[in-house]
Amino acid sequence: LGTYACKVTIGTMLPKIMELCHPNFPDYSSVVAKYHDNGLFANVLQVYDMLLLSGPEAAVLVDWQRKGAEGHFQYGPAGFDLWRHLFEFSDRCH
């Protein structure tokens, strides 16, 4: 599991964060935070990272809707949106 988490972080998340934080990156209105097939708290931290590292005007769009074949992210049935179930809508993060 540790190797998988490292590959996902280095191969997927890190390049996106570097791109979002680059000073020459053009303005953007939103970023999408999809769930990763791991535990709840790791996904919460990813959303916090997006809030911290994205532009101040960018909305963080959270996609935590289950597909149904997850090995670790098993909160609710297929199609269940855990983010909307746990958190209130806000202007910055929804």
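The present account deals with the structure reproduced in this document.

What counts, and at which threshold
Residues numbered from 1 in each chain as written. Predicted model: local features only at pLDDT ≥ 70, side-chain atom pairs only at ≥ 80, totals over all residues. Heavy atoms only, no water. Core = buried A, V, L, I, M, F, W, Y, C linked by side-chain atoms within 4.5 Å. Buried < 20%, exposed > 50% of the residue type's maximum accessible area, 1.4 Å probe, protein only. Helix = DSSP H or I, 4+ residues; strand = E, 2+ residues; numbered from the N terminus. Contact = heavy atoms within 4.5 Å. 1 Å grid on protein atoms, 1.4 Å probe; cavity = no way out; pocket = protein on both sides within 12 Å on 5 of 7 lines; lining within 4 Å. Points joined across faces, edges and corners; volume = space filled by probe spheres on them. Nonpolar A, V, L, I, M, F, W, Y, C, P; charged D, E, K, R; others polar. Axes fitted to C-alpha atoms, helices over the stretch in contact; angles between N-to-C directions. Parallel < 35°, antiparallel > 145°, perpendicular 65-115°, else oblique. Left-handed = near helix turned anticlockwise from the far one by under 90°. Polar contact = N/O pair within 3.5 Å; in protein donor to acceptor, adjacent residues only side chain to side chain.

Side chains that are nonpolar tend, in soluble globular proteins, to be buried together. Grouped together as the largest cluster of nonpolar side chains are 14 residues, with contacts concentrated most on Val47, Met50, Val60, Val62, Trp64, Trp83 and Cys93. Breaking this core down by element, the ones donating at least two residues are strand S1 (30–34), helix H2 (40–53), strand S2 (59–63) and helix H3 (82–86). Among the elements that line this core, the one with the most residues is H2, at 3 residues. Once residues lying within four places of it in the same chain are set aside, the contact partners of tryptophan 83 are Val47, Val62, Trp64, Cys93 and His94.

One number sums up the size of the largest pocket: a volume of about 200 Å³. Listing elements by their share of the lining of the largest pocket, those giving two or more residues are helix H1 (2–21), S1 and H2. Looking at the lining of the largest pocket, its residues break down into 7 nonpolar, 3 polar and 3 charged.

Bringing the packing of H1 against H2 into the picture now. Contact pair H1 / H2: the axes reach a minimum separation of 10 Å and the direction vectors enclose 20°. Here H2 runs roughly parallel to H1, going by the angle between their axes. With respect to the hand of their crossing, H1 and H2 are arranged in right-handed fashion. Contact residues: H1 offers Met13, Ile17, Leu20 and Cys21, while H2 offers Gln46, Asp49, Met50 and Leu53.

Moving on: the environment of proline 26. Checked against the element boundaries, proline 26 lands in the loop between H1 and S1. Through-space distance from the C-alpha of proline 26 to that of alanine 59 is 15 Å; in sequence the pair is 33 residues apart.

Bringing the side chain of serine 54 into the picture now. Structurally, the position occupied by serine 54 is in the loop between H2 and S2. The exposure class assigned to serine 54 is buried, which follows from its relative accessible area of 7%. A polar contact of 2.6 Å, which involves the side chain of serine 54, links it to the backbone oxygen of methionine 50. In terms of polar contacts, serine 54 uses its side chain to reach the side chain of arginine 92, at 2.7 Å. Leaving out residues up to four positions away in the same chain, serine 54 has contacts with Tyr28, Val31, Asp49, Val60 and Arg92.

Interpretation note: all reported values are geometric properties and have no functional meaning in isolation.
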